[in-house]
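Below, each chain spelled out in residue letters.
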Amino acid sequence: MKTVYTCFCTDVIHDGHLNIINEAKKLGRVIVGCLSDAALIRFNKFPTVSQEERIKLYRTLEGVDEVVIQNDAFYDDVITLIKPDYVVHGDNWIQGPEKAIREHVAVLVGNYGGQIVDIPYTYNEKVHKIDLQLREKLAMPEYRRKRLRQLISMTPIVKAMEAHSGLTGLIVEKTVVEHDGRLDQFDAMWISSLCDSTAKGKPDIELVDMTSRFRTIDDITEVTTKPIIFDGDTGGLTEHFVYTVRSLEKMGVSAVIIEDKKGLKKNSLFGTEVEQTQATIEEMSAKIAAGKRAQLTDDFMIIARIESLILEKGMEDALTRAHAFVKAGADGIMIHSRKKDPAEIVEFCDKFRKDDKTTPIVVVPSSFNTITEEELASHGVNIVIYANQLTRSAFPAMQQTAEDILRYHRAKEVDDRLMPIKQIITLIDEL
Ligand code: SPV
Ligand code: MG
């Protein structure tokens, strides 16, 4: 009897999966792999049901002889273990980001004379509808909100990228790369006060009001499913912050980060070049505690951002504040620095982790950009935020195009670096 292997990474079984099983059954004994949560979130849809529930679901399917867990998106673990005669998959993996996986599997099975069987992908109305429904489910506030906490426990480091519009949201949502034999994508979105303000041509001084910031969130949630971390600046008055918490929760935002500053807030990357006032430990702690009392779900996170290193108040001050803010109820700590050298961030993380093994640490490596995600994770960092890179890459590109059209009195000279209109149109999903 030949062994046939197929990997499933779905929460809902549709005609396409049943067709795969039918075809597989004709070739021999069918083993279905359930792609683990950790592997799934790196390149595919986020699971709406647990790994255990998916395994149970696959076991109920007629024609399935065995279900195993597959931990590696590139199949190394299961192929080594099972050495199937056939690996069966929908032919959608011949192209797109999964092509690299197919090529890798071909080499693995080729080593012992195994074979890949590509089954024509089932495109019908029902399959399309189920795919769409799954996506829509993930976009609902109750799913999106809890997803950040789930990710923190599922992945060594959560990677968030700045978004300030529907379009930038789509880029964070959809960008997947294959590099060095691995697929990767961003886990979450950061609604930066700097980029939200810059997109409106306004300074980053809490001038763009909450109604407008919420409008940005709305634009993004309309077209994406990934979790949102909101840059709440100082959080404003405590009496106002409690309402902000409720509104963010309702919109499905996963976390708000508030910084321990008061008065006129300026961007942290100005550091001590401008006048900025740090709130006292008591003031900030009271704001955190009030926010925690106001929140209605267990999913939502209030993360306290410490500006002591930015304002040159020293490491001890930063650590004292971190522990005090956790005591006040903060669900996470963001430590910021504007030094090029990541040394002070690493020192903070190591010292904080000595006394606190669990509270999530967030960093924003805009200045200390040489440190890798892996290094950050090894010092106990749980979330890395790329806070402004989309804005900073788009701005000079747009400026250059504007200058060149003025220079040449026509648009031909800039055309080579423009995305074709057809491609722009296909970026946008239609129902
Ligand atoms: C932002 O992106 O708005 C931030 C991070 O708050 S920073 O600009 O580094 O202060
Ligand atoms: Mg900000």
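Residues numbered from 1 in each chain as written. Chains lettered and ligands numbered in written order. Predicted model: local features only at pLDDT ≥ 70, side-chain atom pairs only at ≥ 80, totals over all residues. Heavy atoms only, no water.

In this section: the overall build of the chain. When its secondary structure is counted, the chain shows 17 helices and 17 strands. Against the globule reference of 22 Å for 431 residues, the chain gives a C-alpha radius of gyration of 24 Å, in line with a compact fold. Along the longest, intermediate and shortest principal axes, the C-alpha atoms of the chain span 75 × 65 × 40 Å. Buried residues in the chain amount to 51% of all 431 residues. Across the chain, contacts joining residues at least 24 apart in sequence account for 74% of those joining residues at least 6 apart. Seen as two clouds, the 55 positive and the 67 negative side-chain charges of the chain have centres 1 Å apart. (Helix = DSSP H or I, 4+ residues; strand = E, 2+ residues; numbered from the N terminus. Rg over C-alpha atoms; globule rule 2.2 N^0.38 Å. Buried < 20%, exposed > 50% of the residue type's maximum accessible area, 1.4 Å probe, protein only. Contact = heavy atoms within 4.5 Å. Lys, Arg positive; Asp, Glu negative; His and termini not counted. Charge placed at Lys NZ, Arg CZ, Asp CG, Glu CD.)

Locating Arg59 in the fold gives a position in helix 3 (residues 51-59). Residue classification places Arg59 among the exposed positions, given a relative accessible area of 55%. Taking C-alpha positions, Arg59 is 9.9 Å from Ile31, a pair spaced 28 residues apart along the chain.

Moving on, we come to the sheet that holds strand 5 (residues 115-119). Strand pairing in a sheet is mediated by backbone hydrogen bonds. Such pairs are either parallel or antiparallel. An order of 3-2-1-4-5 is seen for the 5 strands of this open sheet, with the pairing classed as parallel. Of all strands in the sheet, those bounded by a partner on one side alone are strand 3 (66-70) and strand 5. Shown here is a sheet whose adjacent strand axes are inclined to one another by a mean of 30 degrees, direction ignored. In this sheet, strand 5 lies alongside strand 4 (residues 86-90) in parallel orientation, the contact comprising 5 bridges. Counted as the bridge partner of His89 is Asp118 from strand 5. Along the sheet, helix 1 (residues 15-25) makes contact with strand 1 (3-8), strand 2 (29-35), strand 4 and strand 5, crossing strand 1 at roughly 170 degrees. In the packing of helix 5 (residues 99-110) onto the sheet, contacts are made with strand 4 and strand 5, and the angle to strand 5 comes to roughly 145 degrees. (Pairing = 2+ DSSP bridges. Axes fitted to C-alpha atoms, helices over the stretch in contact; angles between N-to-C directions.)

Next up on the list: the coordination of the magnesium ion (ligand 2). Looking at the magnesium ion (ligand 2), the protein donor atoms are Ser193 (OG) and Asp231 (OD), and they sit 2.1 to 2.2 Å from it. Of this pair, Ser193 sits in helix 9 (residues 193-199) while Asp231 sits in strand 10 (residues 228-231), and the two are 38 residues apart along the sequence. Classification of Asp231 by relative accessible area gives buried; the value is 4%. (Donors = N, O, S within 2.8 Å, 3.2 Å for Na, K, Ca; no water.)

Quick look at a nonpolar patch on the surface now. Together, Met419, Ile421, Ile424 and Ile425 make up an exposed nonpolar region whose accessible area comes to about 400 Å². In this structure, Met419 sits in the loop between helix 16 (389-408) and helix 17 (421-427). (Patch = residues over 30% accessible without salt bridge, like charges linked within 9 Å, V, L, I, M, F, W, Y side chains within 5 Å. Areas by Shrake-Rupley, 256 points an atom, 1.4 Å probe, with all protein chains shown as cover. Salt bridge = Lys/Arg side-chain N within 4 Å of Asp/Glu carboxyl O.)

This paragraph deals with the domain arrangement of the chain. Domain assignment breaks the chain into domain 1 (3-130), domain 2 (140-387) and domain 3 (393-425). Taken together, both faces of the contact between domain 1 and domain 2 bury some 1200 Å²; the carbon and sulfur share is 64%. Contact with domain 2 buries surface across domain 1, with Ile41, Arg42 and Phe46 losing the most and accounting together for 53% of the total. At the boundary of domain 1 with domain 2, the tally comes to 0 salt bridges. Looking at the side of domain 1 that touches domain 2, the elements with two or more residues in it are helix 2 (37-43) and helix 5. The element contributing the most residues to the side of domain 1 that touches domain 2 is helix 2, with 5 residues. (Domains from an automatic or database assignment. Buried area = accessible area lost by both parts, 1.4 Å probe.)

Let us look at the packing of helix 11 (residues 238-251) against helix 12 (residues 281-294). The interhelical angle for the contact between helix 11 and helix 12, taken along N-to-C directions, is 40 degrees, at an axis separation of 9 Å. One way to sum up the angle between helix 11 and helix 12 is to call them oblique. Handedness of the crossing formed by helix 11 with helix 12: right-handed. Contacts between helix 11 and helix 12 involve Thr238, Phe241, Val242, Val245, Arg246 and Glu249 on the former and, on the latter, Ala286, Lys287, Ala290, Gly291 and Ala294. Within the contact of helix 11 with helix 12, the residues separate by chemical class into 6 nonpolar, 2 polar and 3 charged. (Parallel < 35°, antiparallel > 145°, perpendicular 65-115°, else oblique. Left-handed = near helix turned anticlockwise from the far one by under 90°. Nonpolar A, V, L, I, M, F, W, Y, C, P; charged D, E, K, R; others polar.)

As a structural note, the neighbourhood of ligand 1 is formed by Trp190, Ser192, Ser193, Leu194, Asp231, Asn267, Ser268, Leu269, Arg305, His336 and Ala387. Within the side chain of Ser193, one N or O atom sits 3.0 Å away from an oxygen atom of ligand 1. One nitrogen or oxygen atom from the side chain of Arg305 is found 2.7 Å from an oxygen atom belonging to ligand 1. When isolated, ligand 1 has an accessible area of 280 Å², and the protein chains bury 99% of it. (Near = heavy atom within 4 Å. Polar contact = N/O pair within 3.5 Å; in protein donor to acceptor, adjacent residues only side chain to side chain.)

A pair can form between side chains of opposite charge whenever their charged atoms are brought close. Summed over the entire model, instances satisfying the criterion amount to 33 salt bridges. Note that Arg29 and Glu66 form a salt bridge whose closest N and O atoms lie 3.1 Å from each other. Here Arg29, found in strand 2, pairs with Glu66, found in strand 3; they are 37 residues apart in sequence, far enough to count as distant. Arg29 gets classed as partly exposed once you look at its relative accessible area, which sits at 32%. Here Glu66 falls in the partly exposed class, since its relative accessible area comes to 32%. Sharing partners across several salt bridges, the network here consists of Asp196, Lys200, Asp204, Arg213, Asp233 and Lys265.

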